[in-house]
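# Report on the structure
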Amino acid sequence: MFEAQSENLLSGIVAEEVSEENQEQFMISDDSKADLALEKLRELTARKKEKEELAEERKLMIDRWLSDETSKIDTKIEYFEDLLAGYARMLKERDPKLKTYSLPFGKLKFRKQKPKWKYEEGKLLRFLKLTGIDVIKVKEKVDRQALKNMVKIVGNKVVHTETGEVIDGVEIEERGEKFSIDI
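None of the values given here were measured: they were computed from a predicted structure.

### Focus: a negative patch on the surface
Together, Asp 74, Glu 78, Glu 81 and Asp 82 make up a region of like negative charge exposed at the surface. Mapped onto the fold, Glu 78 is located in helix α2 (residues 31–94).

### Some thoughts on the sheet that holds strand β3 (residues 151–154)
An order of β3-β4-β5 is seen for the three strands of this open sheet, with the pairing classed as antiparallel. With partners counted over all chains shown, the strands left at the sheet margins are β3 and β5 (166–171), one partner each. The mean inter-strand angle of the sheet, taken between neighbouring strand axes irrespective of direction, is 35°. Sheet topology note: the strand β4 (residues 157–160)/β5 ladder contains two bridges and is antiparallel. Paired with Lys 157 across the bridge in β5 is Glu 171.

### Quick notes on the pairing of β3
Across four bridges, β3 lies against β4 in antiparallel orientation. Note on β4: the bridge partner recorded for Ile 153 is Val 158. The loop that links β3 with its antiparallel partner β4 comprises two residues; one of these, Gly 155, has a positive phi angle of about 65°.

### Thoughts on the pattern of salt bridges
Within this structure, the stated rule accounts for four salt bridges. Across the pair Glu 53 and Lys 49 runs a salt bridge whose closest N-O atoms are separated by 3.9 Å. Pair noted here: Glu 53 and Lys 49 are both in helix α2, with a separation of four residues, about one helical turn. Lys 49 gets classed as partly exposed once you look at its relative accessible area, which sits at 49%. A salt bridge links Lys 72 to Glu 69; the nearest nitrogen and oxygen atoms lie 3.5 Å apart. A residue pair is termed a helical-turn pair when its members lie 3 or 4 positions apart in one helix, as Lys 72 and Glu 69 do in helix α2 at three residues. What makes Glu 69 partly exposed here is its relative accessible area of 30%.

### Section: the confidence of the model for the chain
Residues of the chain with pLDDT of at least 70 account for 87%, and the chain-wide mean is 87. At the level of individual helices and strands, the chain shows its lowest average pLDDT in helix α1 (residues 2–13), which scores 50, and its highest in α2, which scores 96.

### Observations concerning α2
Relative to the 94 Å expected for 64 residues at 1.5 Å per residue, α2 spans 90 Å between its end C-alpha atoms, a close match to the ideal helical length. Among the residues of α2, those classed as buried are Leu 36, Ala 37, Lys 40, Ala 88 and Leu 91.

### Considerations on the packing of aromatic side chains
Tallied over the full model, the rule gives three aromatic pairs. The interplanar angle of 75° and the centroid separation of 5.2 Å between the aromatic rings of Tyr 79 and Phe 80 together place this pair among those described as edge-to-face. Since its relative accessible area comes to 48%, Tyr 79 is described here as partly exposed. In this structure, Lys 92 packs its charged tip against the face of Phe 110, placed 5.1 Å from the ring centre.

Rules of the game
- Residues numbered from 1 in each chain as written.
- Predicted model: local features only at pLDDT ≥ 70, side-chain atom pairs only at ≥ 80, totals over all residues.
- Heavy atoms only, no water.
- Patch = residues over 30% accessible without salt bridge, like charges linked within 9 Å, V, L, I, M, F, W, Y side chains within 5 Å.
- Areas by Shrake-Rupley, 256 points an atom, 1.4 Å probe, with all protein chains shown as cover.
- Salt bridge = Lys/Arg side-chain N within 4 Å of Asp/Glu carboxyl O.
- Lys, Arg positive; Asp, Glu negative; His and termini not counted.
- Charge placed at Lys NZ, Arg CZ, Asp CG, Glu CD.
- Helix = DSSP H or I, 4+ residues; strand = E, 2+ residues; numbered from the N terminus.
- Pairing = 2+ DSSP bridges.
- Axes fitted to C-alpha atoms, helices over the stretch in contact; angles between N-to-C directions.
- Buried < 20%, exposed > 50% of the residue type's maximum accessible area, 1.4 Å probe, protein only.
- pLDDT = per-residue confidence, 0-100.
- Expected span 1.5 Å × (residues − 1).
- Phe/Tyr/Trp six-rings, centres within 6.5 Å; stacked < 30°, edge-to-face > 60°.
- Lys NZ or Arg CZ within 6 Å of the ring centre and 35° of its normal.

Next comes the structure, spelled out in structure tokens:
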């Protein structure tokens, strides 16, 4: 009889074997059915993990292939960019005011860039503090653990334990039990 029940359970649970329209509504009404459902859940989870691992393996293989192929192409791109840069510099020497040189398949362009700023953060902060130049940002942030240690919860409010003052800006939201399955 137990074998017949487990056969019924498995046929009712396995969605791949039975279409949703024909699938009976299965109810777990005792420990043996719950245990069979947990067993099936474990099997499905393991199958899912296998598929994810296979996909990850294939992704890595494709990523390696793509990296090899693009590396070869990048070398060729660099070669042609260097040749074009040399040609463009030659054109710029002939015409120092040259900004854009147009050709049928593209343009060679010269544009002035803004200077790049390089910061030594520690050295700069020390200098600004010593000289009093007020361009330092201070980011304020609540120390949540320290706050929790000095308050108590009353209803859905947070109250300072020493002063009895309700702390504005924080509210307590009660939550129900969380259900989980450990397989």
